[in-house]
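Structural characterization, general
Letter by letter, the chains look like this.
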Amino acid sequence: MDLLNALVAFLNFVVIPAASYGAQLAVGALGVTLIFGILRFSNFAWGDTMAFGTMVVILFTWLFQSLGISIAPLPTALLALPFSIVITSALLLGTDRVVYRFYRKQKAKPIILVIVSAGVMFVMNGLVRIVIGTEEQNFADGGRFLISAGDFKAWTGLAEGLAIKGTTAVTMVTALLTMSALFWFLQKTRTGKSMRAFSDNEDLALLSGINPDRVVQVTWVIAAALAVIAGTLYGLDKSFRPFIYFSLLLPIFASAVVGGLGSPMGAVAGGFVVAFSEIVVTYAWKKVITYIVPQTWAPDSLMQLLSTDYKFAVSFSILIIVLLFMPNGLFNKGK
Amino acid sequence: MNTRAIYLFAGVGMLYVLTGLLLSWNVSLNILILGLLSAIMALGVNMQWGYAGLFSTGIVGSIALGGLAVVFISGNPVPQAFAAGGWQVIFGLAVAVAGIAAAVAAWTYMAPGRLRNLAVAAILIGGFFLYRAIFDPAVERIEAFDPATYGNVGGFGLNSIWAWPVGGLFAAVAAWAIGKIALGLREDYLAIATLGIAEIVITAIKSEDWMSRGVKNLVGLPRPWPVPYEVDMQADPGFLAFCANWGLNPTTTSTLAVKGIYIVMFAIVLGVLIWLLQRALNSPWGRMMRAIRDNEVSAAAMGKDVKRQHLIIFILGAAVVGMSGAMYVSMLGQLVPGEYTPLRFTFLIWIMVIVGGSGNNWGSVLGGLLVGWLWLIVDNAGPLVMSAATAGMADGALKSHLVDVAPQLRLLTLGVALLLVLRFSPRGLLPEK
């Protein structure tokens, strides 16, 4: 019995990775949910938008590195974020002007917009692969660890180490700042309020003189910022490969649906629900349990509910359960 | 078939002829085989989208399930591995299915309330642990048997043409399950849910080594009847005499002959499907499906069971796609799970259907042959063209990068093509009448 070690192992292998992954999903899901709320379709190009934004960040990171500009111990990528947000916004506004606007004016069915977004997905995917190739890119420079496992062990005298990676800290702080800024914008500013009004009731919003084109443009700019930030945080934490970003679509959609599509608060909660479930279900609990139970009871097997390969099955199951039993999401009962 | 269709098909035919003349007939026939397969897949998707307006992004899952059927039907039997745990694996899976069925039954028949929620949760959780307790040790024993060559449970060793209908059946069962869950939901939820189920199917094929050897790839699957092997043909005195008589090269002739046989077989399947589908489309059932697609509410008011008809067409479409998946693997002779990506096998098929003309069977065939050609020609001609285009450049990182990424241009091109068709000719090249 060693509860303290069990707690540290639990924090180190479950809580910290899930919190960091959850923050990345939450930022990504906010973008999906905003687009759904304002433009009323599920954007299948979202994963590739994130990949595009991250690619631009990587290119700027390389540029800064070659110029010798650095903000160590923070990763150079943070410095590149604003530049990528500008470029990605331009791309999304251009896409809207050339592609989506036509269907919006026609009041096309949402499913047509979904198919159109699949076309946009192909274009963006092609762009990313042509510019940066298909190989893995690692662009995290900056400090490796805020607290390393070795230091923690030496400092506390425990057998288990608690490591906080530099990228985890960067993820948490950046995601927190992003979300606070977004919620402040939506709650307090005039444009944000008009966006919420537009999302709640389009006709009423139009009657009260809200300019729909402006709302849509602002939405795309915010979506671009969210895509760039979510993609970069994920890429810093893991690594950047174009096709991985496509498969992030499923957990991100799951997060957005869990919270109720169109609800920003729900998207944040959904991101953490999905991330924690994924890691709790795919983590091998042997280590933690061995510390808690008496020695003779220690398990032989890994005590893993599902192998990590099946992490998508977790987001999928959550998605299905929510869709079947709570179609408006966990936090959207009133509607 | 009107004149427009004839011109378009002739144009696509010219592409294949030109490929044969300029590159090689081997490449041209290869692309034609895959083009025909793509046409069958597009027909299946067109049933779901064109007839019923269902947007599924799980095509790749049906195709992979079809491929898995070939593994079970035609894979080499591995009696030792099967004896080690085959029945136990089947029993474990049966327990899992029974658990889910029991949970569904409890949900359906118990009165709503906390007791029902608890019962369903208890059945699912208890069933999961029971299933793992039966399933895991058996899998471990199967995978322990000669992992370098086998490590899988083995198949029936039958001719792989039997796998074609079974592939359709596998995909149909999966479509039934997902359709039961997701068809009542809003249409873009169906898209998201099918994306997820396809991802899970692919993950299972990649990581369940006992079944398909996972990423170690299952090779050596037999060809379907009556396709011969090139080496056998080249050893056959009759064939050699035939070649000598006509002054042909036996090696080239045998490879072309094998491809020719595949083309005839796939064309027959395609022809039969089109015949059936055209008949169905012009029958009362086809009229009903179109009525449902165009206005669900009024069709329901006329007493049509919309949800049931959606489920039927969803299953039938998936079955056609699954069968083509089995045909594909039986032709390749191996199951390569890494190949199944949503971009290649879901969204590309969608482009075929929409570019060809949603709701028109001939349009799907045209789209399959045209887009399939565009996609595959890049593999063969792309690097050549890019090398020619960059010939004047100095050797260096940029030049090699451009040659490397040349195949990716097709994503961009096809995406733009899809967007252009959707914008300017949303009914596709061959519109529905």
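These figures come from a predicted structure and were not determined experimentally.

Comments concerning the overall build of chain B
Looking only at helices and strands, chain B has 18 helices and zero strands in total. By its C-alpha atoms, chain B is 75 × 60 × 50 Å across when sized along the principal axes. Taken over 433 residues, chain B has a buried fraction of 44%. Partitioning the contacts of chain B with sequence separation of at least 6, the portion at a separation of at least 24 is 82%.

Examining the overall build of chain A
Looking only at helices and strands, one finds 14 helices and two strands in chain A. Relative to its length of 335 residues, chain A is compact, with a C-alpha radius of gyration of 21 Å against a globular reference of 20 Å. Principal-axis analysis of the C-alpha atoms gives chain A an extent of 70 × 55 × 35 Å. Buried positions account for 47% of the 335 residues belonging to chain A. Across chain A, the fraction of contacts at a sequence separation of at least 24, relative to all contacts at a separation of at least 6, is 75%.

Here we look at the interface of chain A and chain B
Each partner contributes to the interface: chain A provides 34 residues, whereas chain B provides 35 residues. Secondary structure elements with two or more residues in the side of chain A that touches chain B: helix H3 (77-106), helix H4 (110-132), helix H11 (249-258) and helix H14 (311-325) of chain A. The greatest single-element share of the side of chain A that touches chain B, amounting to 15 residues, is contributed by H4 of chain A. Of the residues contributing to the side of chain A that touches chain B, the split by class is 25 nonpolar, seven polar and two charged.

Remarks on the nonpolar core
Counting 210 residues, the largest nonpolar core has Ala26 and Leu319 of chain A together with Ala193, Ile349 and Ile351 of chain B as the members making the most contacts within it. The leading source of residues in this core is helix H2 (residues 25-51) of chain B, at 16 residues. What Leu319 of chain A contacts, discounting residues up to four positions off in sequence, is Ala254 and Val257 of chain A together with Ile192, Ala193 and Gly196 of chain B. One finds Val89, Val139, Val153 and Trp210 of chain B within the second-largest nonpolar core, a separate group that totals 14 residues.

Points about the domain arrangement of chain B
Residues and elements named next belong to chain B. Assigned domains of chain B: these are domain 1 (3-77 + 154-380 + 403-424) and domain 2 (78-153). In this structure, domain 1 and domain 2 have C-alpha centres spaced 31 Å apart. With nine residues of domain 1 in contact, the opposing surface of domain 2 contributes eleven residues. Looking at the side of domain 1 that touches domain 2 residue by residue, the class counts come to four nonpolar, three polar and two charged.

A closer look at helix H6 (residues 166-188) of chain A
For H6 of chain A, with 23 residues, the first-to-last C-alpha span of 33 Å sits near the 33 Å given by 1.5 Å per residue. Those residues of H6 of chain A hidden inside the fold are in contact with helix H1 (3-39), strand E1 (145-147), strand E2 (164-165), helix H9 (212-237) and helix H12 (264-282) of chain A.

Observations regarding H11 of chain A
H11 of chain A sits mainly inside the fold: ten of its ten residues count as buried. Among the residues of H11 of chain A, Leu249, Leu250, Pro251, Ile252, Phe253, Ala254, Ser255, Ala256, Val257 and Val258 of chain A are the ones counted as buried. Looking at the packing, one finds that the buried side of H11 of chain A touches H1, helix H2 (46-67), helix H10 (242-247), H12 and H14 of chain A together with helix H7 (187-207) of chain B. Once H11 of chain A ends, the next one or two residues include Gly260 of chain A, with phi positive near 95 degrees.

Quick word on the environment of His310 of chain B
Residues and elements named next belong to chain B. Inspection of the secondary structure puts His310 in helix H14 (residues 306-332). In sequence terms His310 and Leu366 are 56 residues apart; their C-alpha atoms lie 25 Å from each other. Ignoring sequence-local partners within four residues, the contact set of His310 consists of Ala52, Leu54 and Leu183.

Re the packing of helix H1 (residues 3-22) of chain B against H2 of chain B
Relative placement of two packed helices is described by the angle separating their axes and the distance separating the axes. All names here are of chain B. The N-to-C vectors of H1 and H2 enclose an angle of 150 degrees; their axes lie 6 Å apart at closest approach. Judged by the inter-axis angle, H1 sits roughly antiparallel to H2. The residues of H2 that touch H1, namely those facing Tyr16, Thr19 and Gly20, are Trp25, Val27, Ser28, Ile31 and Leu32. Across the contact of H1 with H2, the residue classes break down as five nonpolar, three polar and no charged.

Let's talk about the confidence of the model for chain B
It should be kept in mind that the predicted coordinates are not to be read in detail where pLDDT is low. The pLDDT averaged across chain B works out to 89; a share of 100% of its residues lies at or above 70. Interface scoring of the predicted complex returns ipTM 0.89; its pTM is 0.91.

Brief notes about the environment of Arg114 of chain B
Note on placement: Arg114 of chain B falls in helix H5 (residues 114-144). Of the residues examined, Arg114 of chain B has 7 C-beta atoms within 10 Å and is grouped as exposed.

Notes on the packing of H2 of chain B against helix H16 (residues 361-389) of chain B
Residues and elements named next belong to chain B. Running from N to C, H2 and H16 point in directions that differ by 140 degrees, and their axes come no closer than 7 Å. With respect to H16, the axis of H2 lies oblique. Considering the relative orientation of H2 and H16, their crossing is right-handed. In contact with Val27, Ile31, Leu34, Gly35, Ser38, Ala39, Met41, Ala42, Leu43 and Asn46 of H2, H16 contributes Asn361, Ser364, Val365, Gly367, Gly368, Leu369, Gly372, Trp373, Leu376, Ile377 and Asn380. Per-class residue counts for the contact of H2 with H16 are twelve nonpolar, nine polar and no charged.

Reading guide: rules and limits
Residues numbered from 1 in each chain as written. Chains lettered and ligands numbered in written order. Predicted model: local features only at pLDDT ≥ 70, side-chain atom pairs only at ≥ 80, totals over all residues. Helix = DSSP H or I, 4+ residues; strand = E, 2+ residues; numbered from the N terminus. Buried ≥ 20, exposed ≤ 12 C-beta atoms within 10 Å, placed from the backbone. Contact = placed C-beta atoms within 7 Å. Rg over C-alpha atoms; globule rule 2.2 N^0.38 Å. Nonpolar A, V, L, I, M, F, W, Y, C, P; charged D, E, K, R; others polar. Core = buried A, V, L, I, M, F, W, Y, C linked by C-beta atoms within 7 Å. Domains from an automatic or database assignment. Expected span 1.5 Å × (residues − 1). Axes fitted to C-alpha atoms, helices over the stretch in contact; angles between N-to-C directions. Parallel < 35°, antiparallel > 145°, perpendicular 65-115°, else oblique. pLDDT = per-residue confidence, 0-100. Left-handed = near helix turned anticlockwise from the far one by under 90°.

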